[in-house]
Structures are given as structure tokens and as C-alpha cells.
Amino acid sequence: MNISYNWLKEYLDFDLKPEEVAEALTSIGLETGGVEEVQTIKGGLEGLVIGEVLTCEEHPNSDHLHITTVNVGGETPLQIVCGAPNVAAGQKVVVAVNGTKLYDGDECVTIKRSKIRGVESNGMICAEDEIGIGTDHTGIIVLPADAVVGTLAKDYYNVESDYVLEVDITPNRVDATSHFGVARDLAAYLKQNGKSAELRRPSVDAFKIDDETTPGVEVVVENTEACSRYSGVTIKGVTVKESPEWLQNRLRVIGLRPINNVVDVTNFILHELGQPLHSFDAGKIKGNKVIVKAVEAGTKFVTLDGVERTLTDRDLMICNVEEPMCIGGVFGGLDSGVTEETTDVFLESACFHPTWIRKTARRFGLNTDASFRFERGLDPNNTMYVLKRAALLIQELAGGKITGAVQDVYPTVAEPYTVELAYQKINALIGKEIPVETVKSILASLEMEIVSETAEGLTLHVPVYRIDVRRDVDVIEDILRIYGYNNVEFSDNVKSNLSYRTPTDRSWKLQNLISEQLCGCGFNEVMNNSLTRSAYYADLSTYPEARCVRLMNPLSADLNCMRQTLLFGGLENIEYNMRRKNGNVRFYEFGNCYDYDMDNKKEDETLARFSEDYRLGIWIAGNRVENNWAHPNEKSSVYELKACVENTLVRLGVDMKRVIFGNLANDIYSSGLSITTGSGRQLGTMGIVSKKLCKMLDIDTEVYYAELSWTQLMKEIKKAKVTFSEISKFPAVKRDLALLLDKGVPFGEVERIARDSDRKLLKAVSLFDVYEGKNLPAGKKSYAVSFFMQDESKTLNDRQIDAIMKKIQTNLEQKLGAQLR
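Only a predicted model underlies this, so the values are computations on that prediction, with no experimental measurement involved.

S.K.: Even after reading the chapter, I still don't get the packing of aromatic side chains, so can you show me in this structure?
M.R.: When we look at a pair of aromatic rings, we describe it by the centre distance and by the angle of the planes. Overall, the coordinates contain 16 aromatic pairs when judged by the stated rule. Measuring from ring centre to ring centre gives 4.7 Å for Tyr 536 and Phe 568, while their planes differ by 5°; the resulting arrangement is stacked. Separated by 32 residues along the polypeptide, Tyr 536 in the loop between β28 (531–532) and β29 (549–550) and Phe 568 in helix α15 (residues 567–579) bring together distant segments of the chain. The class of Phe 568 is buried, set by a relative accessible area of 1%. Clustering of aromatic rings is evident, with ring pairs tying together Tyr 588, Phe 590, Tyr 614 and Trp 710. Positioned above the aromatic ring of Tyr 536 is the side chain of Arg 533, whose terminal nitrogen or guanidinium carbon lies 5.1 Å from the ring centre. Positioned above the aromatic ring of Tyr 576 is the side chain of Arg 580, whose terminal nitrogen or guanidinium carbon lies 3.7 Å from the ring centre.

S.K.: Teacher, can you tell me more about unusual backbone geometry here?
M.R.: When glycine is set aside, most residues are seen to have a negative phi, and most peptide bonds are trans. One non-glycine residue with positive phi stands out, namely Glu 447, at about 60°. Checked against the element boundaries, Glu 447 lands in the loop between α12 (436–445) and β25 (449–453). In this model, Lys 581 sits at a positive phi of 65°, which is unusual for a non-glycine residue. Locating Lys 581 in the fold gives a position in the loop between α15 and β31 (585–596). For Lys 581, a relative accessible area of 79% translates into the label exposed.

S.K.: Can you walk me through the side chain of Asp 281 in this structure?
M.R.: Relative to the helices and strands, Asp 281 resides in strand β15 (residues 277–281). A distance of 3.0 Å separates a polar side-chain atom of Asp 281 from the backbone nitrogen of Gly 283. Looking at Asp 281, its side chain comes within polar contact range of the side chain of Thr 342, at 2.8 Å.

S.K.: Got a minute to help me understand the environment of Glu 212 in this structure?
M.R.: By secondary structure assignment, the location of Glu 212 is in the loop between α5 (179–192) and β13 (218–221). Separated by 192 residues in the primary sequence, Glu 212 and Gly 404 have C-alpha atoms spaced 4.7 Å apart.

S.K.: Just checking my understanding: could you explain the sheet that holds strand β23 (residues 401–409) for this structure?
M.R.: Two orientations exist for strands paired in a sheet by backbone hydrogen bonds: parallel and antiparallel. Read across the open sheet, the four strands follow the order β15-β22-β14-β23; overall the sheet is antiparallel. Each edge of the sheet is formed by a strand with only one pairing partner; in this case those strands are β15 and β23. Sheet twist, expressed as the mean angle between neighbouring strand axes with direction ignored, is 20°. In the sheet, β15 pairs with strand β22 (residues 344–352) via five bridges, with the strands oriented antiparallel. The residue bridging His 278 from the neighbouring strand is Glu 348, located in β22.

S.K.: Whenever I open this one, the nonpolar core confuses me. Can you help?
M.R.: Burial of nonpolar side chains together is a common tendency in soluble globular proteins. Counting 84 residues, the largest nonpolar core has Leu 186 and Val 475 as its most contacted members. Look past the residues within four positions of Val 475 in its chain and what remains in contact with it is Val 419, Leu 421, Leu 443, Met 448, Leu 460, Val 462 and Val 469. Counting 35 residues, the second largest nonpolar core, distinct from the first, contains Val 221, Phe 280, Phe 346 and Leu 366.

S.K.: Is there a simple way to explain the pairing of strand β4 (residues 66–71) in this structure?
M.R.: In the case of a regular strand, side chains alternate between the two sheet surfaces. As judged from the six bridges shared by strand β3 (residues 48–58) and β4, these two strands associate in the antiparallel manner. What sits directly across from Cys 56, in β4, is Thr 68. Where β4 and strand β5 (residues 78–82) come together, five bridges link them in antiparallel fashion. Bridging across to β5, Ile 67 finds its partner in Val 81. Taken together, β4 and the strand that follows it, β5, pair antiparallel across an intervening segment of six residues, in which Gly 73 is found at a positive phi of about 90°.

S.K.: I would appreciate a short explanation of the sheet that holds strand β30 (residues 561–562) in the present structure.
M.R.: Strands sit in the order β28-β30-β29 across an open sheet of three strands; the sheet is antiparallel. The open sheet is flanked by β28 and β29, the only strands paired with a single partner. When β29 meets β30, the two strands line up antiparallel, connected through two bridges. Bridge pairing in β30 links Val 549 to Met 562.

S.K.: Please explain the pattern of salt bridges as it appears in this structure.
M.R.: Pairing between side chains of opposite charge can happen when the charged atoms of each approach one another. Counted under the stated rule, the structure contains 47 salt bridges. One salt bridge in this structure joins Lys 432 and Glu 489, with 3.2 Å as the shortest N-O distance. Of the two residues, Lys 432 sits in the loop between α11 (423–430) and α12 while Glu 489 sits in the loop between α13 (472–483) and α14 (503–520), which places them 57 residues apart along the sequence. The partner of Asp 468 in a salt bridge is Arg 466, with the nearest N and O atoms 3.0 Å apart. With relative accessibility at 18%, the residue Asp 468 sits in the buried group. Arg 466 sits in the buried class, given a relative accessible area of 2%. Several salt bridges share partner residues, and in doing so they unite Arg 173, Asp 175, Asp 185, Arg 466, Asp 468, Asp 478 and Arg 481 into one network.

S.K.: Help me understand helix α8 (residues 354–364), please; the structure alone is not making it clear to me.
M.R.: Every α-helical turn comprises 3.6 residues, leaving residues that sit three or four positions apart pointing alike. Every buried residue of α8 is listed here: Trp 356, Ile 357, Thr 360, Ala 361 and Phe 364. Buried residues along α8 cover an arc of 120° about the axis, so they all sit on one side. Those residues of α8 that are buried lie in contact with β16 (289–294), β18 (308–310), β19 (316–319), β20 (324–327), β22 and α9 (369–374). Gly 365 occupies a position one or two residues after α8 and carries a positive phi of about 65°.

The rules behind each value
- Residues numbered from 1 in each chain as written.
- Predicted model: local features only at pLDDT ≥ 70, side-chain atom pairs only at ≥ 80, totals over all residues.
- Heavy atoms only, no water.
- Phe/Tyr/Trp six-rings, centres within 6.5 Å; stacked < 30°, edge-to-face > 60°.
- Helix = DSSP H or I, 4+ residues; strand = E, 2+ residues; numbered from the N terminus.
- Buried < 20%, exposed > 50% of the residue type's maximum accessible area, 1.4 Å probe, protein only.
- Lys NZ or Arg CZ within 6 Å of the ring centre and 35° of its normal.
- Polar contact = N/O pair within 3.5 Å; in protein donor to acceptor, adjacent residues only side chain to side chain.
- Pairing = 2+ DSSP bridges.
- Axes fitted to C-alpha atoms, helices over the stretch in contact; angles between N-to-C directions.
- Core = buried A, V, L, I, M, F, W, Y, C linked by side-chain atoms within 4.5 Å.
- Contact = heavy atoms within 4.5 Å.
- Salt bridge = Lys/Arg side-chain N within 4 Å of Asp/Glu carboxyl O.
- Arc of directions from axis to C-beta.

Spelled out as C-alpha cells, the structure:
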């Protein structure tokens, strides 16, 4: 939120510099991200001066240009070629001399000496929109005759220099979403630091009803759940026009565009006092009555931005007797707002239920200054004061009479929160004994009323606008932030209670171990948001959309559910890198994945349908080797990924003899493998990501992906022990077989059957050649496989070796139909 330094001084006298104010606000919990010097008009009108057109002649080579000489107070007049139709001799004008920078949004143009149709031009005579003081471009600015030649334009237009503080408001501090709210906290800080700080609240004592006989707009609140208070007043006979300079400057400095005096007042009050207002054209309120209610679901309504929206029965609407006029607390309607033709205004100051406003705003994708505040909860006791303040400003700037009775529907009055505060608890939580008088002083500066007092503590009434302060610990937090975190000294002793050797500690240690291994292999770790798009799962059967854990109140459609897999976050990372010409990527990520089991019938367990699993995702894409003088370019392959997965399992201590890589058919992979143990434990999956998913994320290369269940891996190695064994003194023996098999038989099946044939002496099984082609029967392929055998206690003899190989061969023939070539 932008806070104007000069505006802040309207409510509080202080001698702090802008940077010191930023530091002070940050120290009391209103973190200030930056301080920027700004002008009410971008560029501050630097280089612009008031001039007088001495002569004006037609350009000989143009039918619309003029050659002028302009006195700008220098030694000699400037010759300027001007294309404005209204330029004439004797006019007082605004001139941009050579070197002046003019701004159009974020674009900047520097005025230079130039030739226009063969005639030299030194400067430019300006229109309103060219210097940022208006939008008119029909001609140049013609100033009154008494304008003094040579006067700097910034002095003529009273351009102010100000500082904007970027204050980051946390969701619980809606009371600080205004200049007055920030000034209130700053005053408390100054008092605590021994400085005088009298807060000036704008007076509304001059408010009165000018015409009590003429009826104003009547208000009826039908939905009191969604609207706790609705105040309104009718002002007749206003003149809608441009706002005065001071008001426009206030709004421009904080980044708002002035519209007209009535609308500008409501925007000014919003940022002054934090209470949203809405101004209606009273002449368009049919039946002269405002009705606050929810309309029938399916009703169509066109908002101020021209978009037709379909309402639900949970959207609070401000209606007249015939139709809706405004989405309460969120956005105005197209045909009910104030325009230049408006003469009568109905001014709304209300308090709406945060949940209603938040859900409506999210439903329609609208995030306005009003909804931002209503969503966090406002003080219903403040609506009448703000209404009077706004009405007086409108009368001052637009004239008119306050007509009819002030409308105020407030069925249940909000009372201050009562909090019991013990001195002992203050000192225990803060870690320092704070003098009682200091505590009382801070509470008074925060407008917390002391109702009663004992030797042990205080009974307080907390203002309703402090919606975040309901408990004694909340009050203590407020006391500490004003007292100053830096004023609490640290003890030399550190007390801690740590437990070691927990499963979490072991898991964390192993994560670091695997991270180091993967980084050493050229991988980079990524960390993605657990929130993702449900649209990713729309057409998947492996991860159906119905099993997504959805958010009840999502920030956007792109973040509306919890991820079921790590896959899509990594694909987004790959797409991001490829767009930036970094196509050779190796990523890994540790993170939770979430699942909703709609078929779980355990109704007595609230969370029984929800589960989460901690996983490791590994992605490879692009080239394995590229632009290397000693090695030709080489593309990455799924075998590189499989080696990486196997190395990870081995490093964790998984018994690879128990691991089975089996064929996997699903819509995540175009070709995939499941990774299980002999006991059926699912350790993960791996394969080539389907082209459909890659295309969905604009990835035009193959992506190899593995997802391992870290939770299951920790269970698998729970009892694994690292043991030492001496390297065998006896040689290993290798035997090779050329096997003819069906094309659908994977090598993993061959390896599994071989290992089951002999678990003692067979140490390794390796595939060193695959052949498919001529000289083989149709539907067949050839595997060339090496079998390594070794006995740690003696040298193997031919009889033992032949027996093992015979058993392997027999099992392969019986179970896979294998034949020797």
C-alpha cells in the first residue's frame, strides 16, 4: 500500500525524514519495502517554462504547420514549428525547451533541435496531455494573459515533491490500511520514544441536514448477516466537475487517477480513513429506495468494466426496487455511478461480512481497494463518522444540500472486546520486565481503554477496529512491537530441548545425502508451489481431477488445488528454461503430494479421505553432452534416468535384488516402468513423459521423469544395515547366453528369473546387446546377457557353474519361452 509522506503529516506533526519514518514503521510491524521520491506530475514539469507567442506564420511547406517565435524569458526568442490548430500570436503558452523530457506512461521523449519540413525548430509548444496535467489534445494550452513569461511551469502549476512509502500490510492489520491508521501507529511509536505526537482526527462537527422536509433515499437491509451496518445520506444539487488541484495531487501521488470531484472524494476518504464508500446517482435509484439483499441465482448484472456477470444467491447486491445497482463491497454497476450529468448523489458507507465479500470477489476474479478492506473486516462503528466526513467534503467541492434523514441501519451494535491482561504474563512472554507505567502508556497510545486495574493486571476494552486483538497474547504482541523488539536484551544462556534420532531426522539426513549425490551428477534442485491448476488433471486417469484436494477459497484458477504429483511443477520449470535458451536441464525436487479418496467411507474420521505422500521427482531433458571438443553431441535418454534412479536406490541402501522394474501403461508416460519390491511395495515410477503433456506446456523435446515415494523408501530401508565384507580373494566367472525371446519381454523379467534361480552365487546379470531384425522369426528379439558368479570362500568349478547356468536356462525356457540362439 502506498502512503504519502506529506499526506501523513496532515494528521501528525513529526520531524522524521522519510527514510526514518520507513524504519520506524518497519520496527512496529508495518514493514516498509521502499521509499520513492515522486512528483504530483511525472517528471515534475522540469524543463517547461511559460512563454509568449510573438509571431505566428504559416509554414511554406505544409498546410497545417505554423512557424512561431516564442519569448521564454531568454536573451533571444525561440523559433518553434507548431502543428496545433489554435496557436496564435499573443498567446501565453507552455514551452518545452530543448533537452526537456516528456513522459507518456512509462515512455520518455526528449525534446531536441530538429528540422521540420526544412525549417529549424527549437522546442515544443505543449498540449495538456503532453505534459501530464490533463487529457485534452485538441490544441495547445493557452494560459491567462497575466501569466508571467519565464516562470517555470512547475511553479506555475504548483507541482509538489513528495515521498511514497511502500508499506506491506499483513492480513490482520486492516486498521492500518489508511493514512490515518498508519499515523495512529506512528504516533504510538513517537510517544514511546519520548516525542510529542498529537494525532489530529478530521472534524465532522459542521455536518448538518440542510433540508429535512424533502425525503432522501430510503434504505432497507434484508440480509443482515452479510451487512452488519448500512449508513447513507442524500446530497442534492451537486455540481460534478474536475477536482481541485490539491485533491488530484493527493490521489496521483499514491498512484490513483482523478475522475471527478465526487468520485475523487470517495477514493480520498478510502485512503484517508480506510473505509470504502460508494456514490450513486440518486436520480437512477428507482423507487427512491436502496435494498441490500442477495438476488436470485442466475441473475445477469453488468459491472462498471462493461462485463456481464452471472450472480449467485451468495452475492450481496445493492439494489433499487427493480434491479441490482452494485455488487456490495466489491464493484459498482455500469449504470448507477456518478457522471458529469449527475445532480443528486446518494452516498453509501457500510460494513459487510468479510466472508461474503471475499467469496464474491474470488468468484468473479475482482480485487478492488474496497474488497481488499472488507475481506479483512472493518469497524461498523466507523461508518457514520466517515459518511459525515465525506458528505462535508462533497459539499465543499461540489456544493449541494444534505437532504432528508440520514439513513443508518445498525441492528446489532458491535461492542469493544474485553481482555484480561496479567502483568506476569506480559513479562513472561516478552522475556523482560516492562514497567507498569510504560505498559499503560503504550495501551493508551493504541486507544485501548483501561476499564479496571488490580495489582496483578488490567481489564481492557479493545477498539472494534482492532479485529486482530481478541486475547491477552494479542495485546502483549502489540505492547512489544511498540515497546521495540530491539529493546529486549538477549540472555547469555540458550535453553533448548532437542530430540535426536527421530525418523524425521534420518529422513532429512538422507535427503541431504541424495541431494549432494544428484548435484554432483549435474542436477539442480527446484522448489515449486504445492498449489497448482486442477486443469492439469482434467483428462488424466492416473491422477484424476476428482482426486484433487481443492481449495475452498483459491487465489486464482492457476492455484486452486493441491498437487497430486510433482510432475507438472518440473515441466513448468523446463518450459521456463527452454524459453530462455537453456534446454539442457536436470532437475530434482523433494515435496509433498496430496490425494483425496472420494471412495473412503470412514465418515467418523474427518481427514480419512485425505492423504499426503512425500516424494522425490527427477527430470532430465535436452542433450547429455553439447558443444564439447572431445565428445560429439549426445542426447539424453531414458537409460540415463534409470541409472540415476538405480544409483539413488543403491545410495539409500535399498536391496536391488528385491527391486523389480516392470512395464507400466498409463497416460503420464508414453513408455514407463513401475518400480516395486518383491513384497509388492510401490517405490515409484519412471519413463518418458507423454507428448500430450509436453505439448500442453509448450515443450517440444522429450522429457524423462521419475517419481519416487520417499515415504515408502524410508519404510523399505528402515531395517537396512550397512555391513562390511572383505573383497573376495577368489575370481568371478562370467558366462554369456544369446536368448531368443518375444518382443514384449523386458530384460527386467530375464534378470528377475535369473536371480530367483540362484540367490547365493549369482552376483550380477548384465545386458550387453539387443538385436531385432532379419534372420529372426517374426515377433522375436535377441538378448545377449552376461551372468557373473562368484563364491567368496572358494574357486568355482565347472560342475557348479554348469549347474547354475542349466537351472537359469531351464527357468527362462519354461517361464518366458526363451530359446538359445
